[in-house]
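# Structure assessment
Here is how the chains run, residue by residue.
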Amino acid sequence: MRKNRIYYLDNNATTRVADEVYEAMLPFFGNLYGNPSSMHHFGGQVQKYINESREKLAALLGASSQEIIFTSCGSESDSTAIWSALRVCPEKKHIVTTRVEHPAVLSLAKHLEKIGYEVTYLPVDNDGNIDLDELRNSIREDTAIVSVMWANNETGVICPVEEAAEITKSKGAIFHTDAVQAAGKVPINMANSAIDMLSVSGHKFHAPKGVGALYVRKSVPFSPLIIGGHQENGRRAGTENVPYIVGLGKAAELAAKNIETENSKVSKLRDKLENGILKKIDNARINGKRDKRTPNTTNVSFKYVEGESILIMLSEENIAVSTGSACSSGSMEPSHVLLAMNVPKEYVHGSIRFSLSVYNTEEEVDYVLDKLTAVIKRLRDMSPFSDEKSAFGNEVHH
Ligand code: PLP
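Residues numbered from 1 in each chain as written. Predicted model: local features only at pLDDT ≥ 70, side-chain atom pairs only at ≥ 80, totals over all residues. Heavy atoms only, no water.

## Notes on the domain arrangement of the chain
Put simply, the rule is: Reported domain spans reflect what an automatic or database domain assignment gives. Contacts: residue pairs with any heavy atoms within 4.5 Å of one another. By buried area we mean the combined loss of accessible area, with a 1.4 Å probe, across both parts when two parts are placed together. Think of a salt bridge as a Lys or Arg side-chain nitrogen and an Asp or Glu carboxyl oxygen that are within 4 Å of each other. In protein, a polar contact means a hydrogen-donor-capable atom and an acceptor-capable atom, both N or O and within 3.5 Å, with residues adjacent in sequence counting only if both atoms are side-chain atoms; elsewhere, any N or O pair within 3.5 Å suffices.
For the chain, the assigned domains are domain 1 (2-14 + 260-382) and domain 2 (19-255). The C-alpha centroid of domain 2 is placed 28 Å from the C-alpha centroid of domain 1. With 27 residues of domain 1 in contact, the opposing surface of domain 2 contributes 27 residues. Roughly 2300 Å² is buried in total at the junction of domain 1 and domain 2, and carbon and sulfur atoms are behind 51% of that figure. The tally of links from domain 1 across to domain 2 stands at zero salt bridges. Scanning the region where domain 1 abuts domain 2 turns up 15 residue pairs in polar contact (both at pLDDT 80 or more).

This is how it looks when you write it as structure tokens:
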């Protein structure tokens, strides 16, 4: 038995650091340990590597390097963007976001409500899409910021952020997108965009955990979250995490170079997995619009079974997946994303997110399909509802 091999299909939770990224970071744990702000050459020489990383990330995003601020993570980028908009427009007390955001935005929105802001949470349809007319109607004179995620972490569903940004701009508010699950997976070009701010996290595309970035369009007023030293042009104080910033730059360079070939490989594997599930397992349904998703993600619900039980039994077979978002998987509450999409009650508890990467193989997908089929069968054999099984066919949700 291949007991030590991990079949890792949880890449929306985090990804493996690419070998090239790891190699690129090593000198900064060794000889190149100087502080980039130091006046002497030993420290100062390090600044050039930060600048190079900024260029590389800017290239991935179709941005200019002055528009990139390095942060510690996607959550910091989201918080920085939203607090900045509220500070630069202190008279505006309204925020628009969606019901399906990551907690990095949703929990902040809830906090802002408690301290006196008003928040509109846009609903989504059964496919996970927002309605652009509803967005248009929700923006008011006192709306400081609209924050709509680019790609959903649980379903991979891609939101029409460019259109949403145009609408927001025409109404005079700032538009932010949490692109943590999009960067490196879908083409992004800020040069031809109305998006004002965009969040990125390194560990979702093969850089290490604990480094991120915020894109801020040059013309957009900005107020820093962390005030102190002059780092990041006075926009984010704190001595730079040089090795991780270099790693993020390398990951961005690799993503920019390989995005097309990797996407086509990963989406083929995802489709093989998805089609295999629908063929082999009754009463399974795909959650989210199938044609507008990130290439690596599928969210599948199995009737009559609990997602947590599936996850634990798959984990015993060395398969790593997630029920809903990794950040909320400690709780047994159904995913807020699937609830917002009106996934039927009898399905919503049996949901599993499979998220692949370029490191997965066809052989791994075959292994997962075999084990998953057996796990679902075992769980359904134990289920009190098993008699009903024959009454339902597969449901594919487009
Ligand atoms: N936004 C989305 C959509 C995410 O999926 C995540 C992480 O799961 C975050 C924000 C938070 O990123 P980080 O873990 O880098 O803080």
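From this point, the narrative continues.
## Concerning the packing of helix α3 (residues 74-88) against helix α4 (residues 103-114)
Heads up, the condition is: What counts as an axis is a line fitted to C-alpha atoms, over the stretch in contact for a helix, and the angles between N-to-C directions run from 0 to 180 degrees. We count a stretch as a helix when DSSP gives it H or I for four or more residues in a row; a strand needs E for two or more, and each element gets its number in order from the N terminus. If you view the pair so one helix is near and one far, a crossing is left-handed when the near helix is turned anticlockwise from the far one by less than a right angle, and right-handed when it is turned clockwise. Just so you know the grouping, Ala, Val, Leu, Ile, Met, Phe, Trp, Tyr, Cys and Pro go in nonpolar, Asp, Glu, Lys and Arg go in charged, and all remaining residues, Gly too, go in polar.
Taken N-terminus to C-terminus, the directions of α3 and α4 make an angle of 35°; their axes are 9 Å apart at the nearest point. As α3 runs across α4, the sense of the crossing is right-handed. The segment α3 lies against α4, with S75, D78, S79, I82, W83 and L86 engaging A104, V105, L108, H111 and L112. For the contact of α3 with α4, the residue count by class is seven nonpolar, three polar and one charged.

## Considerations on the nonpolar core
Counted only if it meets this: The set of buried Ala, Val, Leu, Ile, Met, Phe, Trp, Tyr and Cys residues whose side-chain atoms join them within 4.5 Å is what this entry labels a nonpolar core. Accessibility here uses a 1.4 Å probe with only protein chains present; expressed as a share of the type maximum, an area under 20% marks a residue as buried, one over 50% as exposed, and anything in between as partly exposed.
Formed by 64 residues in total, the largest nonpolar core has its most connected members in L57, L61, I68, W150, I188, L198 and F205. Top contributing element to this core by residue count: helix α8 (residues 242-280), with eight residues. Looking at which domains feed residues into this core, each of domain 1 (2-14 + 260-382) and domain 2 (19-255) supplies at least three. Setting aside chain neighbours within four positions, we find I188 in contact with L60, L61, G62, W150, A179, A182, A183 and L198. If you look at the next biggest cluster of nonpolar residues, it comprises 29 residues, including V266, I319, V375 and I376.

## Re unusual backbone geometry
One non-glycine residue, N233, adopts positive backbone phi at about 60°. If you trace the backbone, N233 turns up in helix α7 (residues 231-234). The residue N342 is not glycine, and still its phi comes out positive at about 60°. Residue placement: N342 occurs in the loop between α10 (336-340) and α11 (345-348).

## Some remarks on the side chain of E240
For the record, the criterion: Neither His nor the chain ends is counted toward charge; the positive residues are Lys and Arg and the negative residues Asp and Glu.
As for its position among the elements, E240 is in the loop between α7 and α8. Although buried, E240 forms no salt bridge, and the nearest oppositely charged side chain, R54, lies 5.8 Å from it. Each residue touching E240, except ones within four places of it in the same chain, is listed here: P36, S37, Q47, I50, Q231, E232 and I245.

## Here's the deal with the sheet that holds strand β6 (residues 174-178)
Operational definition: Two strands qualify as a pair provided that DSSP identifies no fewer than 2 bridges between them.
Within the open sheet, the seven strands sit side by side as β2-β8-β7-β6-β5-β3-β4. Their pairing is mixed. Since the sheet does not close on itself, it has two edges, and those belong to β2 (68-71) and β4 (118-122), each with one partner. For this sheet, the mean angle separating the axes of adjacent strands, direction not counted, is 20°. Note: strand β5 (residues 143-147) against β6, three bridges, orientation parallel. Paired with I145 across the bridge in β6 is I174.

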